[in-house]
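Residue-level structural notes
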Amino acid sequence: MSSIDRRPPVRRYEHGSRVPGWDEAVDLTKPPATVPDPALTPVPEELRAAIEAEMAKYPDRKSASIPALHLAQRHHGWCSPEAIKQVACVMRLTPAYLTSVASFYDMFYLQPKPKHDVYVCTNITCSLLGADELYERMCEAAEGHDISVRGFECLGACDIGPMASVDGEYVGPLNLDDPKLIVEDIEAGRPVLEHKQLRRRAVADAKGRVDDFDGIAPVGQEGN
Amino acid sequence: MPRPEQKIIKLTIDGREVEAVQGTMLVDAAKAADVEIPYFCYEPKLGQPVGACRMCLVEIEGIPKLQTSCSTPVRDGMVVNTQVQRVKDAQNSVVEFLLVNHPLDCPVCDKGGECPLQDITFGWGKGRSRVIEPKRHFVKPLALSPLIAIDRERCILCYRCVRFSQEVAEDWQLIFTERGSHTFVGTHDGHPYVAPFSGNIIELCPVGALTSQPYRFRARPWDIEGAGGVCTLCPAQCNVEFTVRDDKVLRVLSRENPGVDDGWLCDKGRFAYQAIHVDERITTPLVRDGSGELRPASWEEAITAAGALGQHQGSVGALVGGQASNEEAFLIGRLLREGLASADIDSRPHGTVELGLTRALAAPKLQATVQDIEFAHTVLVLGTEPLDDAPILDLRIRKGVRRHGVKLAIASARPSALDPNAQLSIRYAPGAVVEFLSGLEWALTAPGSGETHELAQLLRDGGEDVVILWGESLPPAALAILLRIAEKLGLAEREGAGLLEIPAGANARGIREAGALPNAGPGYADTTTGRDAAEIAAATAAGDIRALYLFGVDPLRDLGARAEWQAALARAELVVAHAGVLTEGIAAHADVVFPAESSAEKEGTIVHPDGRLQRLRVAIKHPGQVRAGWQVIGELAKAVGLDLHVLTAGMAFKQLVAAVPFYAGLTLEQIGGRGVRWPETEAAAAMPAGTPAAQVAVTDVASGPRPEVNGHLAAGTYRSIWASPEVEISPALKFTVAEQLVELAPEDAARLGIEHGSTVQVAQNGTRLSGRAVIRTGVPAGSVFLATGIAKDSANALDELMVEVVKSR
Amino acid sequence: MPHLLFDRIDEPGLNTIPVYERRGGYSALRKALQMPPEAIVEELSQSGIRGRGGAGFKMGQKASFLPKGEMAKYLTCNADESEPGTFKDRELMQKSPHTLIEGIIITTYATGIHHAFIYIRGEYQLQADILDAAVAEAEAAGYLGENILGSGHSLKLVVHRGAGAYICGEETGLLDSLEGKRGNPRLKPPFPAIEGLYAGPTLVNNVETLGTVPTIINMGGADYAKIGTEGSTGTKLISVSGDVQRPGNYEIELGISSREIIYGLCGGPKPGRTVKMWFPGGSSSPVLLEQDLDLSYDFDTLAKAGSMLGSGAIIVVDDSHSAFEVMQKVVKFYAHESCGKCVPCREGTNWTNKFLARIEAGESTPMDLDILASVQSQIIGNCLCVLGDAMAMPVGSIVAKFRDELEAEIEAARERANALPLTDTEDLLALSAH
Ligand SMILES: Cc1cc2nc3c(=O)[nH]c(=O)nc-3n(C[C@H](O)[C@H](O)[C@H](O)COP(=O)(O)O)c2cc1C
Ligand code: SF4
Ligand code: FES
């Protein structure tokens, strides 16, 4: 029908910004994405229950959208269209609502991603301390593994910079040999760089210290 | 909620003291005082200001930072400066920032010449840019839907389109994705933005980012003219502006009228103008020749052939379709009653309503206005789906709920698009509305529990301003109860309360007031009673009526009892029709077809369901041989020996005003571009009083959905917003043409082994329709909903309640 | 120097109620519940404590803005902690979560709030888990829930995890995010205290601010006010990072000298290096120089020096780094985190970012620094929230204070890029046409 549906992407200037999605037309053969009908949208029972439990915590059910997206991302590995549709169905929202929310936040993935997450902080403090090179090493080390490596904005642990968050576990200060060890630990399924974990680190302030500090014991769902 | 009071305050803008209504946003107050403050994101129709574009910054004395005038309500004594250097610098800056990425492709942009960004850059920009960094470059334009193209390079992220989708239409399909300067307008996972009101975003866009696929590159602002008109595709009668070039309508824009449409249009109203200029449209008279073919004919031939109606004195039945103007309906009434000695004229598709009741329901004091919906305490939507039947009212109801805390209740057989917004949604079984209303009447006085009682309580105790929107398809027995309920709630006594009928035809109210009813003359006057539509069908099939005059109606498509009408049309000796398109019944049975006018060509008046007379004006000249409706009726009358004395449309209007006492004194000038609600005029007192509703004892009766009986489901019908011949022939809307969608409850579908999207057969007494199954949560088990008003497989072929739904093999 | 929050914070088990109570935890709550709510607000006002999240607004005053009486009101604890260089709330929540919870309970009692949220950044998984466990523990102990300790006050506390967006630390962006939307800031007015979460009056305070409340109740506001300086009372948790030998979190008394912090506590830069510049309050504070090290570390002094105390995050940059490199990191961060809602910030941060890329590529001239500076001034004050200013202020300060170095950097980049020495407009035109 329309002559302007899909055309090859145009060549872009070197430092023009680039975002996935910008060059994409809609698929005119798809129906509009309205609030999914429960009768037509199967949702895994445990996911539904977990989302409903989140919704129950808030005066307005919409508040549960970020927690629900976390749950769906954990369940599906990423915020796939299917995952988003399921959340939309349980929360009685349009999938677009959730896509809009998910794409705003750095921790949600709207593209398929490897299983493990390594966020390397490349913000100001860490980069003063060598994070940019560390990040490159980390990317090299992770090559060929089921690991996604991302340069991340300040993770709130500049005291251990340069640092990284490995599946949520903060480790640092890292040297250029650590990326290899991180990958090995991930592959072996053991705690990552145990001696460099933030949770084991004493406060810098002398008056905050005690002699027998051995870190904060893991709570809840460790290692997720 | 009662409307807020208005208080006038004084403030100083650029050293000049001006007056404004307290609470108005500064930018509006300034505009009223002839001080223009530029802006992009501000649009009060979209709700609360977002303050995103920062174009409207001004200096307010006493506040250190510049403030956004779009979000600052005026206060008494406020001192505002819009011309100081700080403000100019800020304006220059915002323009410069906006152009960091906006392409300067104005020469090839469809918006060029009517572009706020162009104007503001010219008026408030610095005139030169310091940006030499490369801009973003992307594929453009892309399809956002079959109707809308998007150019993401040009988007300035002003929030207007997404706010419309999210906060006005509430369809939540159009979104911002990503963040910061990566943000772009899009949808979920490449789904198109297809929704009933999507086209409004084109008009909202202040740059050329969203353009109309059908209009793109058809004209430049300097070769078009705008002509005010009214859309007659549904009873909402939205005010429009036709964009005209070379006597062709190229585009339809909204023409904001808060009493009617709030400045929005549905996509039918916005894009079905294409039906005016397509090959399917009839533009010459047609006469059936000896071989049975409809062939183009001269007007003389056609009028002569149609003049044979005169030979059937006392034996002509006439039907007037909903798009007729008041004048046309009035003249047809005269033609029939005075020229053909017949009283068999009707315009109601759902059966006659006793005259006393008709008058009572149309009583001026009992009429709610469109704006009342927005400010009522409670709105009850009864037996109608506003989204399909009068789309723009769906938006008005949402607005009332969202902005003014209106409590919404829905009572219908079929689930409604408004259910999620409603405090209470009650489902009665198809065909059980009378029982439902009896139960409601009973619950208004008797204590009890259950949802009917909840509704009664809401209506009674939820605040006095109650507005009931009711659909014309309610049977007469239901209307008597509705009237009693209105009396019990005292709706006639309150300014902001009342009833608002959503009729089946666009100008149904005006047509009735002009006298196209079997039991009333112009102005609901007493008259010799004739046959109604169903009786005309029966009498024609029986040979008692020998000729039919169909003005903008195809009974096979627009009315029920299809089998009976088929027999009637086959038996009639002469069928004279006015039609824009050859729909099934006309194509097969009409002997003479006069080409009908479109609303862009017509001159005349129509009446909004809330009693507002509106003017149709000539925007383009008639294409082909098309002639004005009043003129054709006049010539036809002459051919049967009656002189109607109409030489201009204005003369027809004068006759109408003289005949309808409650229009007395109205002039076309007064009606003007905004319309006049006659129930608010003094002449309204001349409206004949209705018969008060007979008080009867009521009891509580069950009306809720019932489970299937012997595998049969109770069938309700609906007429989709897209079910119209104009939609079918508009190329841009082809993708959305309504078809038979059979809506089933998940339970029933599972029991019958029917899958969503599969083809099913609906059967009753040997009649079979085929359609696509739609499994819809919310359809009560035991009910099924079928489409009417469509070209093929319409549910008007079924005359009984219970149907069987089976899988197609 | 008194230690109010960090005293022996590493004690094992302090994150659980038994240890916390043994050390006197929840005694402030018991004391507070005996006081009339207004008296608590009064104590907070007397303490003079200013918000620890960045803006430094007086906590007692903010609490008193909240309408009185029963209605849906909310408290939101801002635990988003995303300002580069800031990591103090993390240590407090991880090691002594009940300090925060106790502070929240007291504050809600004082303001008649029954629904509170801790909005914690999604990346802080360990800390969120610890808070979740602590909330459950406090509920079981009767510190949360209905009729707390028989006082008639009830409170539901929910830990809400974000998902990675700096702007959700801005209080109204936080509210939108907590309502389940994109975290775009809202127009102010209305201020959250009048119309905030779910359109109800809402008190938004930083973790440290709320965590100090039990101390204030225990000590009494007047005594608390004796610590620190007149305009900056109390102690402050500070995060020091960058080119110092002992980075980390410290509790200091407001008003000590900045040199004492950077050199005394943190050991200063590596031997042989000097402080080139330092951010006194997170990456959004205008930079200060070596010569400013003797400034007293408190809200008013730093403001007077043209910068700010912000969140108390000191980032030290030594002379081994170029000013350009620092500026570029700052700009990239804010361009990445701009929410995109308002034009000056969205386009301004993005333009500045491209600008620096052009400098790096050797395609600009020293003259461009004027444009760069003017772009910053066009951002300041014109945005919807202050994220835009948060980039423009430090960038503006770096351009002003390191102009010579930046000009040299531009020339060096041009040389690297083998560009012609720029002499006339011809070349500029050639550039703009590229
Ligand atoms: C862009 C931006 C980011 C902010 N980030 C944080 C933050 O991460 N944590 C925080 O407590 N306050 C942050 N703030 C300050 C908050 O808006 C707010 O002032 C503070 O939470 C109020 O608490 P307080 O009065 O206790 O400091 C930020 C402000 C801005 C403008
Ligand atoms: S200043 Fe930046 S972060 Fe704040 S509203 Fe504007 S675009 Fe969003
Ligand atoms: S119109 Fe005021 S900020 Fe856009």
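What counts, and at which threshold
Note that residues are indexed from 1 along each chain, following the sequence as it is written. Think of it this way: whatever chain is written first is A, whatever ligand is written first is 1, and the rest follow in order. The predicted origin of the model limits local features to residues at a pLDDT of at least 70 and limits the giving and counting of side-chain atom pairs to 80 or more, whereas totals for whole chains, interfaces and linings rest on all residues. Here the side-chain values reflect all heavy atoms present in the structure, with hydrogen atoms and water set aside. Think of it this way: any DSSP run of H or I at least four residues long counts as a helix, any run of E at least two long counts as a strand, and we number them from the N terminus. Put simply, the radius of gyration uses C-alpha atoms, and a globule should come to 2.2 Å times the residue count raised to 0.38. Residue burial considers only the protein chains on display, and all accessible areas are found by Shrake-Rupley using a 1.4 Å probe. A residue counts as positive if it is Lys or Arg and as negative if it is Asp or Glu; His and the chain ends are not included. A charged residue contributes its charge at one atom only: NZ of Lys, CZ of Arg, CG of Asp or CD of Glu. Pairing of aromatic side chains requires ring centres within 6.5 Å, counting the rings of Phe and Tyr and the six-membered ring of Trp. Pairs whose planes differ by under 30 degrees are stacked, by over 60 edge-to-face, and all others tilted. Each residue gets one of three labels from its accessible area relative to the maximum for its type: buried under 20%, exposed over 50%, partly exposed in between, using a 1.4 Å probe on protein chains only. Each residue is tested against the molecule or strand, and it is near if at least one of its non-hydrogen atoms lies within 4 Å. A 3.5 Å cut-off defines polar contacts: any pair of N or O atoms within that distance qualifies, except that in protein one atom must be a possible hydrogen donor and the other a possible acceptor, and neighbouring residues in sequence count only when both atoms are side-chain atoms. For this classification, Asp, Glu, Lys and Arg are treated as charged, while Ala, Val, Leu, Ile, Met, Phe, Trp, Tyr, Cys and Pro are nonpolar and the rest, including Gly, are polar. Domain extents, as shown, originate in an automatic or database domain assignment. Contacts are assigned to residue pairs with any non-hydrogen atoms lying within 4.5 Å of each other. Buried area: the accessible surface (1.4 Å probe) lost by two parts on joining, summed over both. Take a side-chain nitrogen of Lys or Arg and a carboxyl oxygen of Asp or Glu: if they are within 4 Å of each other, that pair is a salt bridge. At least two bridges found by DSSP between two strands is the condition for calling them paired. The angle between two axes is taken between their N-to-C directions and runs from 0 to 180 degrees, where each axis is a line fitted to C-alpha atoms and a helix contributes only its stretch in contact.

1. Digging into the overall build of chain B
Summing up its helical and strand segments, chain B has 25 helices and 34 strands in all. Its C-alpha atoms give chain B a radius of gyration of 28 Å, near enough to 28 Å, the size a compact globule of 809 residues would have. Based on the C-alpha atoms only, the size of chain B along its principal axes is roughly 85 × 65 × 60 Å. Element-wise, carbon and sulfur atoms account for 51% of the exposed surface of chain B, whose accessible area totals about 28,500 Å². Taken together, the 79 basic and 99 acidic charged side chains of chain B have centroids lying 5 Å from each other.

2. Some remarks on the packing of aromatic side chains
The final tally for this structure, using the stated rule, is 24 aromatic pairs over all chains. Relative to Phe117 of chain C, the ring of Tyr58 of chain A lies with its centre 5.8 Å away and its plane at 0°, an arrangement referred to as stacked. Here the residue Tyr58 of chain A occupies a position in the loop between helix 1 (45–55) and helix 2 (65–76), and Phe117 of chain C occupies one in strand 2 (residues 115–120), the pair thus bridging two chains. Both residues of the pair, Tyr58 of chain A and Phe117 of chain C, belong to the buried class. Ring centres of Tyr159 of chain B and Phe176 of chain B lie 4.7 Å apart, and the angle between their planes is 90°; this geometry places the pair in the edge-to-face category.

3. Some thoughts on the site of ligand 1
Residues and elements named next belong to chain C. With respect to spatial proximity, 19 residues lie near ligand 1, and among them Gly53, Asn78, Asn205, Asn206 and Thr209 are the closest. The separation between an oxygen atom of ligand 1 and a polar side-chain atom of Lys62 is 3.1 Å. Here an oxygen atom of ligand 1 sits 2.7 Å away from a polar atom, N or O, in the side chain of Thr209. For the shell around ligand 1, the element with the highest residue contribution is strand 4 (residues 202–206), accounting for three residues. Here the shell around ligand 1 is composed, by residue class, of four nonpolar, nine polar and six charged.

4. Focus on the domain arrangement of chain B
Residues and elements named next belong to chain B. Looking at chain B, the domain boundaries give domain 1 (8–98), domain 2 (286–349 + 508–686), domain 3 (355–502) and domain 4 (712–807). Summarising the inter-unit geometry, the C-alpha centres of domain 2 and domain 3 are found 31 Å apart. Across the contact, 18 residues belong to domain 2 and twelve residues belong to domain 3. The contact between domain 2 and domain 3 buries some 1,300 Å² in all, and 52% of this surface belongs to carbon and sulfur atoms. Along the contact surface separating domain 2 from domain 3 lie three salt bridges.

5. Concerning the interface of chain B and chain A
At the interface, 41 residues of chain B touch 45 residues of chain A. In total, chain B and chain A occlude about 3,900 Å² of area from one another, counting both sides; carbon and sulfur atoms represent 65% of this. Across the contact surface, chain B and chain A share two salt bridges. Put simply, Asp106 of chain A and Arg179 of chain B hold a salt bridge, and the shortest N to O gap is 3.2 Å. The interface formed by chain B and chain A includes 14 residue pairs in polar contact (both at pLDDT 80 or more). Secondary-structure elements contributing two or more residues to the side of chain B that touches chain A are strand 6 (142–143) and strand 8 (175–177) of chain B. No other element matches the three residues that strand 8 of chain B contributes to the side of chain B that touches chain A. The residue inventory of the side of chain B that touches chain A, partitioned by class, reads 18 nonpolar, 14 polar and nine charged.

6. With respect to the pairing of strand 1 (residues 116–121) of chain A
Residue and element names in this part refer to chain A. Most of strand 1 sits inside the fold, with six of its six residues counted as buried. The alternating pattern of strand 1 places His116, Val118 and Val120 and Asp117, Tyr119 and Cys121 on opposite faces, both of which are buried. The pairing of strand 1 with strand 2 (residues 147–152) spans six bridges and is classified as parallel. If you follow Tyr119 over to strand 2, its bridge partner there is Arg150. Bridge count for strand 1 against strand 3 (residues 164–166) is three bridges, and the pairing is antiparallel. Directly across from Val118, in strand 3, lies its bridge partner Val166.

7. Topic: the sheet that holds strand 12 (residues 239–245) of chain B
In a beta sheet, neighbouring strands are held together by backbone hydrogen bonds and run either parallel or antiparallel to one another. Residue and element names in this part refer to chain B. The three strands lie next to each other as 11-12-13, forming an open sheet whose pairing is antiparallel. In this open sheet, the two edge strands, each paired with only one partner strand, are strand 11 (225–230) and strand 13 (248–254). Averaged over all pairs of adjacent strands, the angle between strand axes in this sheet comes to 35°, irrespective of strand direction.

8. Details of the site of ligand 2
Residues in close proximity to ligand 2 total 13 residues, the closest being Cys339, Lys341, Cys342, Cys345 and Cys385 of chain C. Among the residues making up the shell around ligand 2, the classes are represented as nine nonpolar, three polar and one charged.

9. Some points on the domain arrangement of chain C
Residue and element names in this part refer to chain C. Domain parsing of chain C yields domain 1 (17–224), domain 2 (235–318) and domain 3 (323–418). One C-alpha centre belongs to domain 1, the other to domain 3, and the line joining them spans 36 Å. Counting residues at the interface gives eleven residues for domain 1, matched by eight residues for domain 3. It is Tyr166, Ile167 and Pro185 in domain 1 that bury the most area against domain 3; as a group they hold 53% of the surface buried on that side. Linking domain 1 to domain 3 there are zero salt bridges. Residue composition of the side of domain 1 that touches domain 3, by class: six nonpolar, two polar and three charged.

10. Points about the interface of chain A and chain C
The interface of chain A with chain C comprises 58 residues on the first partner and 77 residues on the second. Of the roughly 5,400 Å² buried where chain A meets chain C, counting both sides, 57% is carbon and sulfur surface. On the chain A side of the contact with chain C, Phe104, Ile124 and Leu128 of chain A bury the most area, a combined 13% of that side's loss. Linking chain A with chain C are two salt bridges, by the criterion used here. When contributions to the side of chain A that touches chain C are tallied by element, the ones reaching two or more residues are helix 2, helix 4 (95–102) and helix 5 (124–128) of chain A. Taken together, the residues of the side of chain A that touches chain C break down into 29 nonpolar, 15 polar and 14 charged.

11. Notes on the environment of Leu319 of chain B
Residue and element names in this part refer to chain B. The residue Leu319 is located in strand 16 (residues 316–320) in this model. Using a relative accessible area of 4% as the deciding quantity, one classes Leu319 as buried. When the C-alpha atoms of Leu319 and Val108 are compared, they prove to be 50 Å apart, with 211 residues separating the residues in sequence. Ignoring anything within four residues of it in the chain, the contact list for Leu319 reads Asp346, Ala533, Ile536, Tyr549, Leu550, Phe551, Val553, Pro555, Leu559 and Trp565.

12. Here we look at the pattern of salt bridges
Residues and elements named next belong to chain B. Per the stated rule, a full pass over the model turns up 89 salt bridges over all chains. With a shortest N-O distance of 2.5 Å, Lys140 and Asp105 are connected by a salt bridge. Placement of Lys140 in the loop between helix 3 (116–124) and strand 6 and of Asp105 in the loop between helix 2 (85–101) and helix 3 is noted, with a sequence separation of 35 residues between them. Exposure remark for Asp105: the relative accessible area of 12% places this residue in the buried category.

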